[in-house]
Amino acid sequence: MVEAKILNLAITDKGFVVILKPEKSDKVVPISIAYLEAQSIMSSLIGYKIERPLTHDIIYSIFQNCNIRLINVIIDNVHIDTFFAKLVIEHNAKNIFIDSRPSDAIALSLKSKAPIFIEEHVIEKAGILLEENDNLMKVKEGIPFTYQKFERDELIKEKNGENIFVKKEPEEINNIDNNQLNNNNNNKKNKEELQKLLDQAVKEERYEDAAKYRDELDNLTE
């Protein structure tokens with residue numbers, strides 16, 4: 001098994017795709033997911049608290065209140081375009097393996113801050129290569145979807161012959177009316193206005209914009 005990180009959540013003409021990046025691998029593993037799972041994953045990635053709990057919030061609450069710990073999740077098989085996963089939970093000093101869809105497993109891993117693992121044969125069968133070009137990650141071969149990146153992506157860069165993750169610095173948002181966000185003629189964006197823009201972007205499923213607004217809010221609180 002190889003530990004993997006979430007590289008991105010892409011919006012495609014066929015739906016949503018979560019992109020996993022296994023450690024010490026040139027490949028990524030794209031997994032198609034449904035809207036509700038994408039909403040749950042994105043809310044965790046950008047730190048957005050939804051007003052009413054989603055299914056994964058409820059399951060996580062059950063874990064907490066019933067002394068259940070999610071140890072990790074494993075993407076352990078793939079057949080054609082269907083991926084399979086398992087939740088590894090600890091309860092009453094026993095490890096229990098529970099069959100799961102990868103989308104649910106990934107969403108719960110984010111809630112529980114549990115690691116994600118992928119079996120090597122899954123990477124070999126379903127992984128595709130990426131290359132870095134003008135700071136944009138592009139699919140090199142086997143393109144099954146249209147890739148869209150967020151400003152908070154972890155970019156792959158080569159160091160001493162190995163691929164490593166490095167954080168991309170937040171960029172300025174171009175589509176915000178600066179006149180509305182200026183505070184007493186300075187250039188600092190207004191936190192309340194950014195929060196409204198973030199809420200609206202999530203509501204309208206504009207997740208790329210939501211990630212940008214979340215970065216701007218983080219900068220204001222630093």
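All values derive from a computational prediction rather than experimental measurement.

Draft legend 1. Molecular detail of the overall build of the chain. Secondary structure assignment for the chain yields 7 helices and 11 strands. Buried residues in the chain amount to 43% of all 222 residues. Split by element, the accessible area of the chain, about 13,000 Å² in all, is 45% carbon and sulfur.

Draft legend 2. Representation of unusual backbone geometry within the structure. Even without glycine at this site, I80 takes up a positive phi of about 60 degrees. With respect to the secondary-structure elements, I80 resides in the loop between β4 (69-79) and β5 (82-91). In this structure I80 comes out as exposed when scored by relative accessible area, which is 66%. Although it is not a glycine, A93 adopts a positive phi angle of roughly 65 degrees. Mapped onto the secondary structure, A93 falls in the loop between β5 and β6 (94-100).

Draft legend 3. Highlighting the packing of helix α2 (residues 55-65) against helix α3 (residues 102-112). One can describe the packing of α2 onto α3 by two numbers: an axis separation of 10 Å at closest approach and a directional angle of 55 degrees. Taken together, α2 and α3 sit at an angle that is classed as oblique. Along this stretch, α2 crosses α3, giving a crossing that reads as right-handed. Residues H56, D57, I59, Y60 and F63 of α2 touch α3, and the partners they reach there are D104, A107, L108, K111 and S112.

Draft legend 4. Inspection of the pattern of salt bridges at higher detail. Tallied over the full model, the rule gives 6 salt bridges. Here K5 ties to E3 by a salt bridge, and the two come within 3.4 Å at their closest N and O atoms. Residue classification places K5 among the partly exposed residues on the basis of a relative accessible area of 35%. For D76, the salt bridge is made with K86, and the minimal N-O distance between the two is 2.7 Å. Here the residue D76 occupies a position in strand β4, and K86 occupies one in strand β5, the gap between them amounting to 10 residues.

Draft legend 5. Molecular detail of the packing of aromatic side chains. One pass over the full model with this rule turns up 1 aromatic pair. Between F16 and Y35, the aromatic rings sit 6.3 Å apart at their centres with planes inclined by 45 degrees, giving tilted as the arrangement. Taken together, the residues F16 in strand β2 (residues 15-22) and Y35 in helix α1 (residues 35-45) connect sequence positions 19 residues apart. Under the relative-accessibility criterion, Y35 is labelled partly exposed at 31%.

Draft legend 6. Broad picture of the pairing of β6. Sheet analysis places β5 next to β6, joined by 7 bridges and oriented antiparallel. When the sheet's bridge partners are listed, E90 is paired in β6 with N95. Between β5 and β6, which pair antiparallel one after the other, the connecting turn spans 2 residues, and N92 there sits at a positive phi close to 55 degrees.

Draft legend 7. Local environment of the side chain of S40. One can find S40 in helix α1. A relative accessible area of 0% means that S40 is categorised as buried. Apart from the residues lying within four places of it in its own chain, the contact partners of S40 are L54, H56, A107 and K111.

Draft legend 8. Quick look at the nonpolar core. Among the nonpolar cores identified, the biggest contains 43 residues, and L20 and I75 are the most heavily contacted of them. Top element by residues in this core is helix α7 (residues 207-221). It accounts for 5 residues. Here this core spans two domains, and each of domain 1 (2-139) and domain 2 (187-220) adds at least three residues to it. If we skip the residues at most four places from it in the chain, I75 touches L20, I31, F83, F84, A85, P102, I116, F117, I118, E119 and V122. One finds L7, V17, I19 and I128 within the second-largest nonpolar core, a separate group that totals 7 residues.

Draft legend 9. Quick peek at the environment of I96. With respect to the helices and strands, I96 occurs in strand β6. Sequence separation of I96 and K86 is 10 residues, and the distance between their C-alpha atoms is 9.6 Å. Among all residues touching I96, those that are not within four sequence positions of it are L87, V88, I89 and H91.

The rules we used
Residues numbered from 1 in each chain as written. Predicted model: local features only at pLDDT ≥ 70, side-chain atom pairs only at ≥ 80, totals over all residues. Heavy atoms only, no water. Helix = DSSP H or I, 4+ residues; strand = E, 2+ residues; numbered from the N terminus. Buried < 20%, exposed > 50% of the residue type's maximum accessible area, 1.4 Å probe, protein only. Areas by Shrake-Rupley, 256 points an atom, 1.4 Å probe, with all protein chains shown as cover. Axes fitted to C-alpha atoms, helices over the stretch in contact; angles between N-to-C directions. Parallel < 35°, antiparallel > 145°, perpendicular 65-115°, else oblique. Left-handed = near helix turned anticlockwise from the far one by under 90°. Contact = heavy atoms within 4.5 Å. Salt bridge = Lys/Arg side-chain N within 4 Å of Asp/Glu carboxyl O. Phe/Tyr/Trp six-rings, centres within 6.5 Å; stacked < 30°, edge-to-face > 60°. Pairing = 2+ DSSP bridges. Core = buried A, V, L, I, M, F, W, Y, C linked by side-chain atoms within 4.5 Å. Domains from an automatic or database assignment.

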